[in-house]
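The chain contents come next:
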Amino acid sequence: MTSDEFIPPAKPIIGDEERAAVDRVMRSGMVAQGPEVAAFEEEFSQHFVAGRPTVAVNSGTSGLHLGLLAAGIGPGDEVIVPSFTFAATGNSVALTGAKPVFADIEPETFSLDPVAVEAAITPRTKAIMPVHLYGHPARMRELAEIAERHGVALFEDAAQAHGASLGGRPVGTFGRFAMFSLYPTKNMTSGEGGMVTTDSPELARGVRLLRNQGMEKQYENEVIGFNARMTDIHAAIGRVQLTKVDGWTAQRRENAAFLDANLSGVVIPPVAHDAVHVYHQYTVRVTEDRDGFVAALRNEHNVGSGVYYPIPNHRLPSLAPYAPGLDLPETERAAREVVSLPVHPSLTASDLDRIVTAVAAVAKAGA
Ligand SMILES: *Cc1c(COP(=O)(O)O)cnc(C)c1O
């Protein structure tokens, strides 16, 4: 046991500017979706996706769901997704009435394996939706080529990857649409929220309709829709965070470089040669007794960590009915071996030293 303070695995940063922005909106008396949301959409779009049409919604999950619906995905369709991700990826497909088809990942990036994706394509396949897991871009060039050759769409779950890029091209600009989450543990937050970015003004309009009861003009409902609007309170928080996120990402990348150079006894996360990894998570592999490793970090060194994700989606009680008898060996191995160490921008130099020392000690004891 140690007397050192607990190092949490994640720590949202909410400052005075965010509080002042909320207060400003509250005082205006207009708190539902309004000018703050419109400004946030425009600023987010310029910041991350080179000005593509961008629509704010009340969560990342809503963003995926509405994006899929606006792209025409529905009953009878199949969408290929990873199983090694947060359940919202497969859930959003299932919520449209389509079938999530789970394909295996490649071991380096933890994202969809293009070979496995191609093998999973059937005449019912309408789209491929990779996840840029942990903030590292998925293999978008190979997946785009496969999508084009088979005449299916490419979407992106960029929930964890604000600012990541591949060959200089930002994630969120590869697919017909992409979703970014603004949940508090993500690289930036609006409290709750999501952004849908798209290369299609028509798809953007579809998401706008679906988020607001199917209305563009008040009380002239064109389609059956939801209430998935973002509030101006949330948008005001997000706009402030947007001015800070690049600094936080730079700090995450600096922390990751330190861990890369100093960790021992674990497999550090590889980065593709022309990828920018934004380290939503810094995820290592522990090949023997991962759960013992996590417990020892916590109990003996007061260092928090996270396992994302211990149960692959295709074995969750909720999603397993879509995948009877499916075997995804790299997904299973990742679920057994991964541990995400703290990498968030609030870590101090002494925290980073403690993480390195703790990992070395625990890995040695387990060897
Ligand atoms: C967080 C997350 C989501 C869902 O976003 P919410 O804003 O929490 O609804 C979807 N996919 C992935 C990979 C995520 O990490």
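This one's a predicted model, so the numbers in the text were calculated from it and none came from an experiment.

1. A short note on the side chain of Thr54
Part 1: Position of Thr54 relative to the elements: it lies in strand β1 (residues 54-57).
Part 2: Taking relative accessible area as the criterion, Thr54 reaches 4% and is therefore assigned buried.
Part 3: For Thr54, the contacting residues outside a window of four places in its chain are Glu41, Phe44, Ser45, Val49, Met195, Val196, Thr197 and Arg208.

2. Let's talk about the sheet that holds strand β2 (residues 78-82)
Part 1: Ordered by their spatial adjacency, seven strands build an open sheet running β1-β9-β8-β5-β4-β2-β3, and the pairing between neighbours is mixed. Of all strands in the sheet, those with a lone pairing partner are β1 and β3 (99-103), marking the two edges. When the angles between neighbouring strand axes are averaged without regard to direction, this sheet yields 25°.
Part 2: Inspection of the sheet shows β1 paired to strand β9 (residues 194-198) by four bridges, in the antiparallel sense. Pairing of Val55 across the sheet is with Val196, part of β9.

3. With respect to helix α3 (residues 60-70)
Part 1: Summarising burial for α3: eight of the eleven residues are buried, a large majority.
Part 2: Burial in α3 covers these residues: Gly60, Ser62, Gly63, Leu64, His65, Leu66, Gly67 and Leu68.
Part 3: Along its buried surface, α3 packs onto β1, α4 (88-95), β5 (153-157), β8 (177-181), β9 and α7 (201-211).
Part 4: Taking the backbone nitrogen of Thr61 as reference, a side-chain oxygen 3.3 Å away marks Ser59 as the first, capping residue of α3.
Part 5: Phi turns positive, to about 90°, at Gly72, one or two residues after α3.

4. With respect to the site of the ligand
Part 1: Around the ligand sit 17 residues in total, of which Thr61, Asp157, Gln160, Ser181 and Lys186 are the nearest.
Part 2: Side-chain polar atom of Thr61 to an oxygen atom of the ligand: 2.6 Å apart, as the coordinates give it.
Part 3: In isolation the ligand has 380 Å² of accessible area, and contact with the protein removes 93% of it.
Part 4: Contributions of two or more residues to the shell around the ligand are made by α3, α4 and β8.

5. Some remarks on helix α6 (residues 140-150)
Part 1: For α6, the full list of buried residues reads Met140, Leu143, Ile146 and Ala147. Buried residues of α6 fall within an arc of 130° about the axis and therefore sit on the same side.
Part 2: Buried residues belonging to α6 abut α5 (114-120), β4 (125-128), β5 and β6 (165-166).
Part 3: Directly beyond the C-terminal end of α6, a positive phi value near 65° is found at Gly151.

6. Observations concerning the environment of His132
Part 1: Looking at the element boundaries, His132 is found in the loop between β4 and α6.
Part 2: In the structure, His132 is positioned 23 residues away from Thr109 in sequence and 8.6 Å away in space, judged by C-alpha atoms.
Part 3: Look past the residues within four positions of His132 in its chain and what remains in contact with it is Ser111, Pro137, Ala138, Met140, Glu156, Asp157, Ala158, Gln160, Ala161 and Val171.
Part 4: At a separation of 2.9 Å, a polar atom in the side chain of His132 contacts the main-chain amide nitrogen of Ala138.

Scoring rules and cut-offs
Residues numbered from 1 in each chain as written. Predicted model: local features only at pLDDT ≥ 70, side-chain atom pairs only at ≥ 80, totals over all residues. Heavy atoms only, no water. Helix = DSSP H or I, 4+ residues; strand = E, 2+ residues; numbered from the N terminus. Buried < 20%, exposed > 50% of the residue type's maximum accessible area, 1.4 Å probe, protein only. Contact = heavy atoms within 4.5 Å. Pairing = 2+ DSSP bridges. Axes fitted to C-alpha atoms, helices over the stretch in contact; angles between N-to-C directions. Polar contact = N/O pair within 3.5 Å; in protein donor to acceptor, adjacent residues only side chain to side chain. Near = heavy atom within 4 Å. Areas by Shrake-Rupley, 256 points an atom, 1.4 Å probe, with all protein chains shown as cover. Arc of directions from axis to C-beta.

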